[in-house]
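Breakdown of the fold
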Amino acid sequence: MRQVTARRDADVATMRRAGRVVAEMHQAIREAAEPGVTTARLDQVARDVLARREATSNFLGYHGFPAVICASVNDELIHGIPGPRELADGDLLSIDCGAIVDGWHADAAFTMHVGTVDGDDHRLVHVAEQALMAGMAAMHPGGHVGDIGAAIHTVVAGAGFGSPHDYCGHGIGRAMHEEPDVPNRGRRGKGPKLLVGSVLALEPMLIAGGHDDVLELDDGWTVVSADGSRTAHVEHTVVVTSRGPEILTKL
Ligand code: MG
Ligand code: MG
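Let us look at the structure shown here. (Residues numbered from 1 in each chain as written. Chains lettered and ligands numbered in written order. Predicted model: local features only at pLDDT ≥ 70, side-chain atom pairs only at ≥ 80, totals over all residues. Heavy atoms only, no water.)

**Looking at the pairing of strand 7 (residues 199-202)**
Cut-off, in case you're wondering: Relative accessibility thresholds used throughout: buried, under 20% of the residue-type maximum; exposed, over 50%; partly exposed, between the two (1.4 Å probe, protein chains only). Only DSSP runs of H or I covering at least 4 residues are called helices, and only runs of E covering at least 2 are called strands; the numbering of each starts at the N terminus. Two strands are counted as paired when DSSP detects at least two bridges linking them.
Judged by which residues are buried, strand 7 turns out to be covered on both faces: Val199 and Ala201 on one side and Leu200 and Leu202 on the other are all buried. Pairing of strand 5 (residues 169-171) with strand 7, which is carried by 2 bridges, proceeds in the antiparallel orientation. Paired with His170 across the two strands is Ala201, which belongs to strand 7. The pairing of strand 7 with strand 12 (residues 236-241) spans 4 bridges and is classified as antiparallel. Bridge pairing links Ala201 to Thr237 in strand 12.

**Some points on the layout of surface pockets**
Heads up, the condition is: Cavity and pocket criteria rest on a 1 Å grid covering protein atoms alone: a 1.4 Å probe that fits but cannot get out defines a cavity, protein on both sides within 12 Å along at least 5 of 7 lines defines an open pocket, and an atom within 4 Å of a point defines a lining residue. Grid points are joined across faces, edges and corners, and a volume is the space filled by probe spheres set on the points. When residues are sorted by character, Ala, Val, Leu, Ile, Met, Phe, Trp, Tyr, Cys and Pro go into the nonpolar class, Asp, Glu, Lys and Arg into the charged class, and all the rest, Gly among them, into the polar class.
Here the largest pocket defines a volume of roughly 380 Å³. Along the wall of the largest pocket there are 20 residues; nearest its centre are Tyr62, His79, Met176, His177 and Glu203. By residue class, the composition of the lining of the largest pocket is 10 nonpolar, 6 polar and 4 charged. When its volume is computed, the second largest pocket comes out at roughly 260 Å³. Contributions of two or more residues to the lining of the second largest pocket are made by helix 1 (9-32), strand 4 (104-113) and helix 3 (119-137). By residue number, the principal contributor to the lining of the second largest pocket is helix 1, which donates 5 residues. Its residues assigned to classes, the lining of the second largest pocket comprises 9 nonpolar, 5 polar and 4 charged.

**A word on helix 4 (residues 145-158)**
Heads up, the condition is: Helix span is expected to be 1.5 Å times the residue number reduced by one. The contact criterion used throughout is that any non-hydrogen atoms of two residues lie within 4.5 Å.
When the terminal C-alpha atoms of helix 4 are compared, their 20 Å separation across 14 residues agrees well with the 20 Å that a helix rising 1.5 Å per residue should span. Along its buried surface, helix 4 packs onto helix 3, strand 6 (178-182), strand 7 and strand 8 (205-207). In the segment just after helix 4, Gly160 is the residue with positive phi, at about 90°.

**Side note on the pattern of salt bridges**
The test is simple: Any Lys or Arg side-chain nitrogen located within 4 Å of an Asp or Glu carboxyl oxygen qualifies as a salt bridge.
Taken as a whole, this structure holds 10 salt bridges when the rule is applied. One salt-bridge network, held together by shared partners, links Arg20, Glu24 and Arg53.

**Details of empty space enclosed by the protein**
Tallied over the entire structure, the rule returns 1 cavity of 30 Å³ or more. Estimated volume of the largest cavity: approximately 30 Å³. The wall of the largest cavity is formed by Ile152, His153, Val156, Ser163, Asn184, Pro204, Met205 and Leu206. Counting residues per element, the ones that place at least two in the lining of the largest cavity are helix 4 and strand 8. For the lining of the largest cavity, the element with the most residues is helix 4, which contributes 3 residues. Across the lining of the largest cavity, the residue classes tally to 5 nonpolar, 3 polar and no charged.

Geometric descriptors of this kind do not, in isolation, establish any biological role.
What follows is the structure, encoded as structure tokens:
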């Protein structure tokens, strides 16, 4: 792929509607997540938003995934399966979810503190959000996908955090995962070219311990830091415009 597909304005508008549903799911989960609440309950909260907005899930049934959100706690980085686990005070919770509206997809993730906020966790989440903003800031017409990864990696590595090599962001449109891959490291000026209308999901993944290694649990889904340290995962679906990047997964 030499350049990232440019979407028609009407299709970006539909993705913006899907993105708003995802943002509403995030907001509802942020309000519901507190000590004692199960991750299965958070999945139900997200399902209720999808139903209310007459949107469908791009997570449910994806390679057999059984829920509409991924809920990953503490050392769990991505792909945690919602279930009977009760959140505890001081947990670090990463939620990833998406929505489909009229055939167009949006996908976004955030990491939040449950109850008491630990200083080290606060810094980890702050750096993750800064990395996402830095990646977005590299999204201008004529730029390259490698610019995004380079910008993200500069922030993450500069803060001393690790990041897995085998998981990354992606193109998004009629399917949740489209070309190209959007790695969380890269070389400026390399990779497919960005056009006005290119839509990408950027998703920095941080490992507090500073190592890059991750493991997949026996459930076949949950990816955890190999060093057992805490993790953060943030994501937005973003379109390149002539005025700069625009987040589609927002209210
Ligand atoms: Mg994604
Ligand atoms: Mg996602």
